[in-house]
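Secondary and tertiary structure notes
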Amino acid sequence: MAAAAGAVALLTVVGGCGNEPSDGVTTLSFFQFKGEALEDFNQIIADFEAENPDIRVVQNQVADADTAIRTLLVKDKAPDVITLNASGNFGRLAQAGVFYDFSDEPVLGTINPAVQEIIADLGTNGDEVSGLGYVNNANGVIYNQDIFEEQGLEVPETWDELIAVCDALEAAGITPFYGTLADSWTGLPSFNALGAYPAMDDFFDKMREQGEDTGPDSEVSFEKNFAEAMDQQYQLFEYMQDGYRGATYDDGNAAFANGEVAMLLQGIWALSPVKGINPDIRTGIFPYPAADDPADRVLVSGVDVVVTMAKDSPRKEEALRFIDYLFQKDVIEEFAASQNMVPSVEGAELSDEPAIQSVAPYFDEGRIAGFIDHQIPPSIPLAAIDQQFLFSGDAEAALATLDSEWSKVAARTIPVTGE
C-alpha cells in the first residue's frame, strides 16, 4: 500500500513536469532510487542548473523504485531521466524496449565496456543500449589489513591459498570469517562470487534456451555446473564463528570493525557501516580466488546505478545534456567517492579508500562479472535455498531445487516453440 501511494504521489509530481515552458526554462523530472544519494544528487543538480539556467531538474526519490517506475511506465508518465539499480528488473524493462537507445550517443564511448557488458547481459531490446553504467560496487572478501600483516599473510590468489590463510588464522586463535545467516541474503555474496566461474561461457543464455527442460540430463544445469561452487561455499562457512546461524548483518559489521575476525564475505557496501563503527580500521578487498590460475580470477561487480531516460521524451535534448553532465569526470568522481563506489567512466580517478583502490585493477583490465542472482528470476527463493543448504550441507538437494524452480518459472513465462 505504501509503495502504491508513493507511486501515485510520484505520478502527480512527474506529470506536472510535462508542461511546455512558458518562461524559457525546461523542467526535467529526475527519477532517483537511492535514498543515501539524495544530497549528492541535490548538489549535482544545483551545479548543473547554475551552468544551464534554461533547465530545471526536479529530483523524485522513492523507496520502492521498481514498483514506482513500472507504474509510471504503464501510465505513460515516464520520467525524463531515470536512475535504477542494474538488476534483473532493469533487464526485463530493457527487453520491453521502454528506454532510450544510447547506441549513437558520444557518452557511451566514455564508459568501461566491461561495465556495459554486465548491463547487456541482464537483457536488451535487440542491439539497443538501454542504459549507461554510472557507479559500481565490488563483491569480494573484505579483510583486515592489520591482522594480515601481523600474521605475515599474503592476499590469496588461488583457492588453496585461501584455505591455507584460513587454517593459519585458526592456528593463531583468530576466527577467519564472521557468518550472519540470521539474515538469509548474506549467503548470496559468496554464492554470487563463487558461482560467477561456472556461470561463464553463456551459462544463463543456455539455461533460458532450455527453459522447462532444465535438469540433471540437460546440457547445462545448476546440478551439473554448480556443484563445485556450492562445495566451496560450504567449506568457507566451516571457518565461521560459533553461532553464525543466529548472527545478523549488523552483528558481522560490528565484529569485523572491532577486530574480532579477519574477514567478511561481503562487498564494498559493508564499508560504510564498518567505518561508522571504527573509522581507523584498515581494510582491503580481494576477489574470491576460486580458480586455480591467479590470472583467471574475476571480480564480481554489480552496476549499482544505471542511468537511462524515457524512449520518446519530448525533452530529449535537455535530458541528454543533464546525462552528459552526470558523466563528466569530476562529477562522477565526487559522487563515486561519496558513495564508496567505483566510477564507470574510463580514466576517472577512484577515491583514496584502500579497499576501493585494491579492486581498481580488475575494472581497468575488464576482469569483472555481474551478479548471477540478477539472472535468476525473483520468484525463485534463491536466498532461502542457499541458506538452507548452508545449514544442512546438502548441495545435491539445493541444486536440484534450483533446477526444478527454474523449470517451473520457464514453463510459465518462456514461450514453447515447435513445428
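Preceding this paragraph is the structure being described.
Our subject in this report is the structure included herewith. Computed from a predicted model, the values in this text were never measured in an experiment. (Residues numbered from 1 in each chain as written. Predicted model: local features only at pLDDT ≥ 70, side-chain atom pairs only at ≥ 80, totals over all residues. Heavy atoms only, no water.)

The volume enclosed by the largest pocket comes to roughly 960 Å³. As for the largest pocket, its lining consists of 41 residues, and the residues nearest its centre are Asp-121, Leu-122, Phe-204, Arg-208 and Gln-375. Of all the elements in the fold, those that place two or more residues in the lining of the largest pocket are helix H4 (88–95), helix H5 (113–122), helix H9 (203–210), strand S12 (368–369) and helix H18 (395–413). Top contributing element to the lining of the largest pocket by residue count: H5, with six residues. Taken together, the residues that form the lining of the largest pocket break down as 22 nonpolar, 11 polar and eight charged. Here the second largest pocket is characterised by a volume of approximately 540 Å³. (1 Å grid on protein atoms, 1.4 Å probe; cavity = no way out; pocket = protein on both sides within 12 Å on 5 of 7 lines; lining within 4 Å. Points joined across faces, edges and corners; volume = space filled by probe spheres on them. Helix = DSSP H or I, 4+ residues; strand = E, 2+ residues; numbered from the N terminus. Nonpolar A, V, L, I, M, F, W, Y, C, P; charged D, E, K, R; others polar.)

Once that is clear, we can look at the nonpolar core. Phe-31, Ile-44, Leu-84, Tyr-134, Phe-322 and Phe-327 are the most contacted members of the largest nonpolar core, which has 81 residues in total. The dominant element in this core, judged by the number of residues it contributes, is helix H14 (residues 316–326), at six residues. Not counting chain neighbours up to four residues away, the residues in contact with Phe-322 comprise Leu-28, Phe-30, Ile-44, Ile-45, Phe-48, Val-57 and Val-81. Formed by 59 residues, the second largest nonpolar core is a distinct cluster that contains Phe-204, Ala-229, Phe-389 and Trp-406. (Core = buried A, V, L, I, M, F, W, Y, C linked by side-chain atoms within 4.5 Å. Buried < 20%, exposed > 50% of the residue type's maximum accessible area, 1.4 Å probe, protein only. Contact = heavy atoms within 4.5 Å.)

Counted under the stated rule, the structure contains 13 salt bridges. The closest approach of N and O atoms between Glu-149 and Arg-282, which form a salt bridge, is 3.1 Å. Taken as a pair, Glu-149 in helix H6 (residues 145–150) and Arg-282 in the loop between helix H13 (271–277) and strand S8 (283–286) lie far apart in primary sequence, 133 residues in all. Between Arg-367 and Glu-365 there is a salt bridge, with its nearest N and O atoms 2.9 Å apart. (Salt bridge = Lys/Arg side-chain N within 4 Å of Asp/Glu carboxyl O.)

Further remarks concern the sheet that holds strand S4 (residues 132–136). The six strands are arranged S2-S1-S3-S10-S4-S11 in an open sheet whose pairing can be described as mixed. If you trace the sheet from one side to the other, it starts and ends with strand S2 (55–61) and strand S11 (342–343), each paired once. The sheet contact formed by S4 and strand S10 (residues 303–309) spans four bridges and is antiparallel. Bridge assignment links Asn-136 to a residue of S10, and that residue is Val-303. Its contacts with the sheet place helix H2 (residues 38–51) against strand S1 (26–32), S2, strand S3 (81–84) and S4, and it is angled at close to 170 degrees to S2. (Pairing = 2+ DSSP bridges. Axes fitted to C-alpha atoms, helices over the stretch in contact; angles between N-to-C directions.)

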